[in-house]
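Here's the letter readout for the chains.
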Amino acid sequence: MKLIDSKTLLNLAKAYAGETQAYTRYKFIEYGARNEGYNALSEVIDKIVFNEFNHARMLYTAIQQASNKTIDNIDIATGYPFKEKWNLIENLKLAAEDEAAEIKIYKEFEKTAREEGFEEIANLFKMIGDVENCHKMLFEDLHNQMSTGTLYKKPKAVKWKCAGCGYEAEGKEAWDTCPLCKAKQGFVMLKLQDGVC
């Protein structure tokens with residue numbers, strides 16, 4: 001079977017559209033975090049944004065391999081989430097839910113690609129799905145810390161570091177203002193749960 005005539009091509013196009021939309025949705029969340037003064041949080045989310053961009057890039061590259069000619073259009077009538085509003089804590093939870101849905105979709109796409117004989121594309125779907133699982137865990141951890149007020153408070157003393165100037169200090173709670181450069185608490189680098197990608 002040729003890729004141009006396959007269901008796998010349609011799945012590549014759906015995945016590409018999904019990744020470009022995730023990129024934009026998460027860019028909105030990153031923007032919201034930065035606007036609320038959570039610079040370190042926005043930097044963590046920005047890394048996910050860059051991951052989504054690269055997923056889209058790899059999927060687009062795979063689509064281009066389907067034909068030497070220009071592919072004018074691939075009709076991908078399908079649904080995509082539009083749940084996020086302008087509430088940072090809720091958006092972190094919704095992003096985790098979106099990632100969980102993507103994981104299931106990528107497993108289906110991987111299965112179809114293998115059935116159609118496209119092992120390299122099946123592996124691409126699997127690897128992206130694995131990364132999306134890391135994103136899900138990260139969004140869950142960030143949501144948990146934000147909703148419980150533990151983003152900058154821990155039960156035991158930890159080392160806090162200012163992303164602005166590199167100042168470090170130990171304590172159960174991060175400073176409100178960096179003693180060295182006077183950056184606000186939102187510049188304190190985050191402590192993520194062990195095992196989160």
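Data block above holds the structure.
Conventions used here
Residues numbered from 1 in each chain as written. Predicted model: local features only at pLDDT ≥ 70, side-chain atom pairs only at ≥ 80, totals over all residues. Heavy atoms only, no water. Salt bridge = Lys/Arg side-chain N within 4 Å of Asp/Glu carboxyl O. Helix = DSSP H or I, 4+ residues; strand = E, 2+ residues; numbered from the N terminus. Buried < 20%, exposed > 50% of the residue type's maximum accessible area, 1.4 Å probe, protein only. 1 Å grid on protein atoms, 1.4 Å probe; cavity = no way out; pocket = protein on both sides within 12 Å on 5 of 7 lines; lining within 4 Å. Points joined across faces, edges and corners; volume = space filled by probe spheres on them.

Trainee: What's the story with the pattern of salt bridges in this structure? I'm lost.
Mentor: A side chain of one charge can pair with a side chain of the opposite charge when the charged atoms of the two come close. Summed over the entire model, instances satisfying the criterion amount to 14 salt bridges. Put simply, Glu-30 and Arg-34 hold a salt bridge, and the shortest N to O gap is 2.7 Å. Here Glu-30 pairs with Arg-34, and both are found in helix 1 (residues 7-35), just four residues apart, close to one helical turn. When its relative accessible area of 6% is taken as the criterion, Glu-30 is described as buried. The shortest N-O distance in the salt bridge between Lys-161 and Glu-168 comes to 3.7 Å. A relative accessible area of 33% places Lys-161 in the partly exposed class.

Trainee: Looking at this structure, how should I read the layout of surface pockets?
Mentor: Over the atoms, a rolled probe matching the size of one water molecule traces out where space is still vacant. Considering only enclosed or pocket space, the largest pocket measures out at about 280 Å³ in volume. Lining the largest pocket are 15 residues, with Gly-18, Gly-79, Tyr-80, Glu-102 and Ile-105 positioned closest to its centre. Put simply, the parts of the chain that give the lining of the largest pocket at least two residues each are helix 1 and helix 3 (88-115). Element by element, the count of residues in the lining of the largest pocket is highest for helix 3, at six residues.

Honestly, that's just the spatial picture; any functional story needs more than this.
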